Structures are given as C-alpha cells and as structure tokens.
Amino acid sequence: ESAETALKILQRLAPDLIVVLAYGQILPKEVLELPKYGCINLHASLLPAYRGAAPIQWVILNGETKTGVTAQQMAEGLDTGDMLVKKEIAIGAEETAEELYERLSELCVETLSETLEQLEAGTLQGIPQDDGESSYASRITKEMSALDFTRPAAELHNLIRGITGFTKLDGKRLKIYRSHVVDHVSGEAGTIVDAENFVVVCGDGNGLQFTEIQPEGKRRMQTADFLRGKKLEKGEKLG
C-alpha cells in the first residue's frame, strides 16, 4: 500500500528527473519510466566495479588506491545502467571508510552538478557498462570485523580502515579504529611484541600498531591515553 501511495505522490509531482543516492532498493519500472529524463543514481564507486551495498568499505578492505563516483542512468538491475559522468579520487594509505565517505559526499555534488549541466546542454551521453569487468560490494557483517592475526598485517590494516576491527585483551572485547603497519617483527602471530606502542605480530612477519582503540565499556580513545592507565606485557596474546 505504501509503495502505491509513493507512486501516486510521484505521479502528482510529475518530475522531469529523479536523482537517487544511497537508496538500498531497486526502483520499480513504473518509477523508472515516470520522469521525462528517467532516474539518475549517484553510486560511490567507479562502475562497473563495486556495484551493490557497500562500495566505500570494500574498496578499502581490498586495498584499492583509487575510487570515485559514477552518475548512471538507472535500469531495472542493480547498478547496471549506462554510465553518464564519472569522477575519480585517490584513496590515502591510512584513510578510513569514514573519511572517504566524507570526501565522496562532496564528489557526489560535483558529479551531479556536471551531469545536470550536460543534460541541460543536451550533451549527456550514456556509456554501457561492461559486465565482464563488474564486481559486487556485498553487505558488511559484524563477523567480518574479527581480527585473525595469522593474516598479513596489510590485510588487517585495510580491514580496520574499512570496517573497524575487534579482538580480545584480557578476555574483554577491544575495538580497533586505527592502525599502522610495522615492518619486520618476530614472534608468534597475535602476541604483543612492543608493549609500549601496542604492536602485535601478524602472520606475514610484519606487525600492526594499534593507534586508536575502544576497550569494552569505555570510550573511543588514542592508544597513548589507554597505555597511561594500562600496562601491557610483551608476549601477551590477543584473541
């Protein structure tokens, strides 16, 4: 019933164009065909890569060095319509999904502005996506945040940047918001190798320094502040 009501409202408004941003559902054909110029979606990736629900997190999880925003003509599939305007930005090596989201929000405004200018000038042209080059950014689940220290340090660093990570210290949950890769450390994966700087050994012989954390039941804080009230032991194991 609510979908019917929404359609009636849209029909009454009779829009020339509908712009969609971060809307997690596929629009029905009646809506797609309603505006004179159709529906345009602003998607936070360089299509056809990272179609789907969580492109910002996945580009960081996968260690990508660039991403962007694509304005596309909406079709009945999921992020499959023709590409109209595409803008690219570099991803910083330490940049988190939160920070990237902010920059992509600004880029969305630029992309839409350029798309509307071209539409008005009559120069807007769609380029079909190559499905062979497509990838899918599936929804993020809580379980994905668990840190498995047998994995390489760079992979875990990307996981923390992309979705935050968690482990256990003294049997209590510890959330990790920021980290830094430390080259060439020795010891068993998951053990603290540098207690003064909270560096943990990873599976590839490199370490991970936790720089911003949230201990269970406490606020998010810089690790330096945490270490003023908590002494870690070298060789102590996490997880």
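A brief report on the enclosed structure follows. (Residues numbered from 1 in each chain as written. Predicted model: local features only at pLDDT ≥ 70, side-chain atom pairs only at ≥ 80, totals over all residues. Heavy atoms only, no water.)

1. A word on a positive patch on the surface
A cluster of basic residues, Lys-142, Lys-168, Arg-173 and Lys-175, forms a positive patch on the protein surface. With respect to the secondary-structure elements, Arg-173 resides in strand β8 (residues 172-182). On the basis of relative accessibility, which here comes to 39%, the residue Arg-173 falls in the partly exposed class. (Patch = residues over 30% accessible without salt bridge, like charges linked within 9 Å, V, L, I, M, F, W, Y side chains within 5 Å. Areas by Shrake-Rupley, 256 points an atom, 1.4 Å probe, with all protein chains shown as cover. Salt bridge = Lys/Arg side-chain N within 4 Å of Asp/Glu carboxyl O. Lys, Arg positive; Asp, Glu negative; His and termini not counted. Charge placed at Lys NZ, Arg CZ, Asp CG, Glu CD. Helix = DSSP H or I, 4+ residues; strand = E, 2+ residues; numbered from the N terminus. Buried < 20%, exposed > 50% of the residue type's maximum accessible area, 1.4 Å probe, protein only.)

2. A few points about the pairing of strand β4 (residues 66-73)
Moving residue by residue along a regular strand, the side chains alternate between the two faces of the sheet. Where burial is concerned, most of β4 is hidden: 6 out of the 8 residues are buried. Note: strand β2 (residues 39-43) against β4, 4 bridges, orientation antiparallel. Across the sheet, Ile-40 pairs through a bridge with Gln-73, a residue of β4. (Pairing = 2+ DSSP bridges.)

3. Examining the nonpolar core
Phe-198 and Phe-210 are the most contacted members of the largest nonpolar core, which has 45 residues in total. Every element with two or more residues in this core is listed here: β2, α3 (55-61), β4, β5 (83-90), α4 (97-121), α5 (153-163), β8 and β11 (207-215). With residues near it in sequence (within four places) discarded, Phe-210 still touches Leu-147, Phe-149, Ile-160, Ile-176, Arg-178, Ser-179, Asn-197, Phe-198, Val-200, Thr-223 and Leu-238. Core analysis: the next-biggest nonpolar cluster, separate from the first, contains 7 residues, Ile-18, Leu-32, Cys-39 and Met-74 among them. (Core = buried A, V, L, I, M, F, W, Y, C linked by side-chain atoms within 4.5 Å. Contact = heavy atoms within 4.5 Å.)

4. Regarding the state of the cysteines
Applying the stated criterion to the full structure yields 0 disulfides. You can see Cys-39 has no disulfide; the closest cysteine sulfur is in Cys-108, sitting 16 Å from it. You can call Cys-39 buried: its relative accessible area is 1%. (Disulfide = S-S within 2.5 Å.)

5. Describing helix α1 (residues 2-13)
Count 3.6 residues to each turn of an α-helix, and residues three or four apart come out pointing the same way. Look at α1: 17 Å from first C-alpha to last across 12 residues, which is about the 16 Å you get at 1.5 Å a residue. For α1, the buried fraction is low: 0 of the 12 residues fall into the buried class. Positive phi appears at Ala-14, one or two residues downstream of α1, with a value of about 45 degrees. (Expected span 1.5 Å × (residues − 1).)

6. Observations regarding the pairing of β2
Among the 5 residues of β2, 5 are classified as buried, and the element is accordingly described as predominantly covered. Pairing between strand β1 (residues 18-21) and β2: 4 bridges, direction parallel. Its bridge partner lying in β2, Leu-21 is registered against Leu-42.

7. Regarding the pattern of salt bridges
Any two side chains of opposite charge can pair if their charged atoms end up close together. With the rule as written, the count across this model stands at 13 salt bridges. Between Glu-99 and Arg-178 there is a salt bridge whose closest N-O contact spans 2.4 Å. One end of the pair, Glu-99, is in helix α4; the other, Arg-178, is in strand β8, with 79 residues separating them in the sequence. Because the salt bridges share partners, they merge into one network encompassing Glu-98, Glu-99, Arg-178, Glu-212 and Arg-220.

8. Some thoughts on α5
The element α5 is largely enclosed, with a buried count of 9 among its 11 residues. Those residues of α5 hidden inside the fold are in contact with α3, α4, β7 (165-169), β8 and β11. Looking one or two residues beyond α5, the residue adopting positive phi is Thr-164, at roughly 65 degrees.

9. Concerning a nonpolar patch on the surface
Together, Ile-26, Leu-78 and Tyr-136 line one region of the surface with nonpolar side chains, adding up to about 300 Å² of accessible area. Considering the arrangement of structural elements, one finds Leu-78 in the loop between β4 and β5. Owing to a relative accessible area of 34%, Leu-78 belongs among the partly exposed residues under this scheme.

10. Side note on the side chain of Asp-79
With respect to the helices and strands, Asp-79 occurs in the loop between β4 and β5. One buried charge, Asp-79, has no salt-bridge partner; the nearest side chain with opposite charge is Arg-51, at 6.6 Å. Excluding its chain neighbours within four sequence positions, the residues that come into contact with Asp-79 are Asn-41, His-43, Leu-47, Arg-51, Gly-52, Gln-72 and Gln-129.

Bear in mind that shape data such as this cannot, by itself, settle questions of function.
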